[in-house]
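Chain by chain, the residues run as shown.
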Amino acid sequence: MRVFVTGGAGYIGSVTAAELIGRGHEVVVYDNLEKGHREAVPAGATLVVGDLADGGRVEEALRRQGAEAVIHFAGYSLVGESVAHPGRYFRNNVGNGLNLLGAMRRAGTSRIIFSSTAAVYGSPRAVPITEEEPAAPINPYGESKRFFETALSRFHAAYGWDCVSLRYFNAAGATAALGEDHDPETHLIPIVLRAALDGRGGVDVFGDDYDTPDGTCVRDYIHVTDLAAAHVLALECGGDRAYNVGVGRGYSVLEVIEAARRVTGARIEARAAPRRPGDPPALVASAERIRRELGWSPRRDGIEGIVESAWRWMREHPGGYGGGGKLSL
Ligand code: UDP
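About the cut-offs
- Residues numbered from 1 in each chain as written.
- Predicted model: local features only at pLDDT ≥ 70, side-chain atom pairs only at ≥ 80, totals over all residues.
- Heavy atoms only, no water.
- Helix = DSSP H or I, 4+ residues; strand = E, 2+ residues; numbered from the N terminus.
- Buried < 20%, exposed > 50% of the residue type's maximum accessible area, 1.4 Å probe, protein only.
- Contact = heavy atoms within 4.5 Å.
- Areas by Shrake-Rupley, 256 points an atom, 1.4 Å probe, with all protein chains shown as cover.
- Near = heavy atom within 4 Å.
- Polar contact = N/O pair within 3.5 Å; in protein donor to acceptor, adjacent residues only side chain to side chain.
- Pairing = 2+ DSSP bridges.
- Axes fitted to C-alpha atoms, helices over the stretch in contact; angles between N-to-C directions.
- Phe/Tyr/Trp six-rings, centres within 6.5 Å; stacked < 30°, edge-to-face > 60°.
- Parallel < 35°, antiparallel > 145°, perpendicular 65-115°, else oblique.
- Left-handed = near helix turned anticlockwise from the far one by under 90°.
- Nonpolar A, V, L, I, M, F, W, Y, C, P; charged D, E, K, R; others polar.
- Core = buried A, V, L, I, M, F, W, Y, C linked by side-chain atoms within 4.5 Å.

Colleague: What exactly am I supposed to notice about the overall build of the protein chain here?
Modeller: If you tally the helices and strands in the protein chain, you get 10 helices and 14 strands. Principal-axis analysis of the C-alpha atoms places the extent of the protein chain at approximately 55 × 45 × 40 Å. Counting only residues that meet the buried cut, the protein chain has 55% of its 329 residues in that class. Excluding contacts between residues fewer than 6 apart, the proportion of contacts in the protein chain whose partners are at least 24 apart in sequence is 77%. Only carbon and sulfur atoms are counted for the fraction: they give 47% of the accessible area of the protein chain, which is about 13,800 Å².

Colleague: Just to check I follow, could you spell out the site of the ligand for this structure?
Modeller: Near the ligand lie 14 residues; those nearest to it are Leu188, Asp204, Arg219, Arg276 and Asp279. Between the ligand and threonine 186 there is a distance of 3.4 Å, counted from an oxygen atom to a backbone nitrogen or oxygen. With respect to the ligand, the side chain of aspartate 279 contributes an N or O atom lying 2.5 Å from an oxygen atom. Summarising the interface, the protein chains cover 90% of the accessible area of the ligand, which totals 520 Å² for the free molecule.

Colleague: In this structure, what is going on with the sheet that holds strand S1 (residues 2-6)? I would like to understand it.
Modeller: Either a parallel or an antiparallel arrangement is found when strands of a sheet pair, and the pairing is made through backbone hydrogen bonds. Across the sheet, which stays open at both edges, the 7 strands sit in the order S3-S2-S1-S4-S5-S6-S11 with parallel pairing between neighbours. Each having just a single partner strand, strand S3 (46-49) and strand S11 (240-245) make up the two edges of the open sheet. When the angles between neighbouring strand axes are averaged without regard to direction, this sheet yields 20°. Of the pairings in the sheet, the one linking strand S2 (residues 26-31) to S3 comprises 4 bridges and is parallel in character. Among the inter-strand pairings, tyrosine 30 is bridged to a residue of S3, identified as valine 48. Across the face of the sheet, helix H5 (residues 140-159) comes into contact with strand S4 (69-72), strand S5 (111-117), strand S6 (162-168) and S11 while running at roughly 155° to S5.

Colleague: I tried to follow the environment of serine 252 on my own but got confused; where do I start?
Modeller: Looking at the secondary structure, you find serine 252 in strand S12 (residues 251-252). For the pair formed by serine 252 and alanine 74, sequence separation is 178 residues and the distance between their alpha carbons is 28 Å. Those residues in contact with serine 252, other than ones at most four positions away along the chain, are Asp214, Thr216, Cys217 and Val218. Within polar-contact distance, the side chain of serine 252 engages the side chain of aspartate 214 at 2.6 Å.

Colleague: I would appreciate a short explanation of helix H6 (residues 188-198) in the present structure.
Modeller: Within an α-helix, residues lying three or four positions from one another point in the same direction, as the helix has 3.6 residues per turn. Burial within H6 is extensive, with 8 of its 11 residues counted as buried. Residues of H6 that are buried sit in contact with strand S7 (170-172), strand S8 (202-206), strand S10 (221-223), helix H8 (253-264) and helix H10 (303-316).

Colleague: Quick question: what am I supposed to make of the packing of aromatic side chains here?
Modeller: Each aromatic ring pair is described using two quantities: the centre-to-centre distance and the angle formed by the ring planes. Counted by the stated rule, this structure contains 8 aromatic pairs. Look at tyrosine 159 and tryptophan 161: their rings are 6.4 Å apart centre to centre, the planes differ by 45°, and that puts the pair in the tilted class. For tyrosine 159, a relative accessible area of 40% corresponds to the partly exposed category. Overall, the relative accessible area of 3% leaves tryptophan 161 in the buried class.

Colleague: Is there a simple way to explain the packing of H6 against H10 in this structure?
Modeller: A pair of packed helices is characterised by two quantities: the angle between their axes and the separation of those axes. Running from N to C, H6 and H10 point in directions that differ by 55°, and their axes come no closer than 10 Å. With respect to each other, H6 and H10 are oriented oblique. Crossing geometry of H6 relative to H10 is assigned as right-handed. Of H10, the residues touching H6 (which contributes Ile189, Pro190, Leu193, Arg194, Ala196 and Leu197) are Ile303, Ile306, Val307, Ala310, Trp311, Met314 and Arg315. When grouped by side-chain class, the residues that make up the contact of H6 with H10 number 11 nonpolar, no polar and 2 charged.

Colleague: Quick question: what am I supposed to make of the nonpolar core here?
Modeller: Most often, soluble globular proteins keep nonpolar side chains buried together rather than apart. Ranked by internal contacts, the top residues of the largest apolar core, which has 42 residues, are Ile12, Leu20, Leu166, Val245, Ile290 and Trp296. Elements represented by at least two residues in this core include exactly S1, helix H1 (11-22), S2, S4, S6, helix H7 (224-234), S11 and helix H9 (288-294). For this core, the element with the most residues is H7, which contributes 7 residues. Apart from residues no more than four positions distant in its own chain, leucine 20 is found in contact with Val3, Val5, His25, Val27, Ile71, Val232 and Leu235. Formed by 26 residues, the second largest nonpolar core is a distinct cluster that contains Tyr251, Val256, Trp311 and Met314.

Okay, structure coming up:
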C-alpha cells in the first residue's frame, strides 16, 4: 500500500515507517522536523519536510504519492506541557489535525490510522481498561486526542472513511537502529537510563502517595516494535474503530527503576518528588479487542527486555541522533 506517514521522523513514527517498508509498503514521511530527526527516517522512505499547518503542501504531497492511507503520528504528546500550555496542544493536535483531514478530503485519501492515547480515559474507574471505559480526559493532551478521535468518527459517518484510533499505552524500547531522542526528555525510561549512563544524579519520582501498591504511578510499557506492528495490521481494517495497544501488565515507577538497575548495573538513586500535574495513578490496558479482532499480540512483554533494548540504543547513541559516536563502555 502507498502510505503517508505524518511524524515519521519521530520515535514511534520512524519505527513504524521501517516496519512498513520491511513489509513491502511504499512510505512517504511528512514531518516538519521540529521534534523529529532526519536521521531517523528509514532508508527507502521518501521524506517531505513540511508542516501540517500548510494544508496545501500536505494535499500536494498526498496527491504526488497517490496515498492510499495515512498514518497520523505528528503531534505533541507531553501531559505536563499540555497542562502548562494548553493552546499549543489544541492548535497542533486539533487544528493541524483538521488541516490534514481537509487535505485528505481534497486529495481523495479516505483511510487513516491515528496515534491516540490511553490519556483519553483520564483516571479510569478500573484497570485493566477496556475500550468500553468512557472517555474522560483529565488534561489538554488527552482532550486534544479525544477530539480528533471524535472528528474521525464523524468523517466515517459523513464520508464512509476507514478510521482506526490506536490508544497507546507507554511506548518504550528501541530497535537496533531507531530509538527515543526527545528534547527535552521527559519520559521515565530514557531519564532513568540517562542517569545510569552519566553515573551521577538520580531520578525524581513524581509522587509516592498514589493509591497504588507502592504509592508510585503504574503504567503499561509496550515495546515500540509491537506498537508499530499494530499499525501495519490496522491498515487492513474497515469502518470506525478504536483499539487499546498495551501489554496488559503494569509496572510502577519504582519497578521500572529497579529493572533499570538490574539491566545497567548502575545504582540509580530514586528521589521522592512532588506529583506531576495531570498524571493519572494507573493506566493498564486490556488489549483483548485488538488481540481478538486483528490477531495482534505483543512479542516483547517483559519490562527488562524493553529497558535493555533502550539501554543498548542509548549506549550506541549517547548523544541521540546526530549527537556523536558510540560510547565504548
Ligand atoms: N515519571 C517520574 N519521573 C520522571 C519521569 C516520569 O516519576 O523523571 C513518572 C511519571 O510521573 C509517570 C510515569 O513516570 O507516572 C511515566 O511517565 P512518562 O512521562 O514516561 O509517560 P506518561 O505516562 O506521562 O505518558
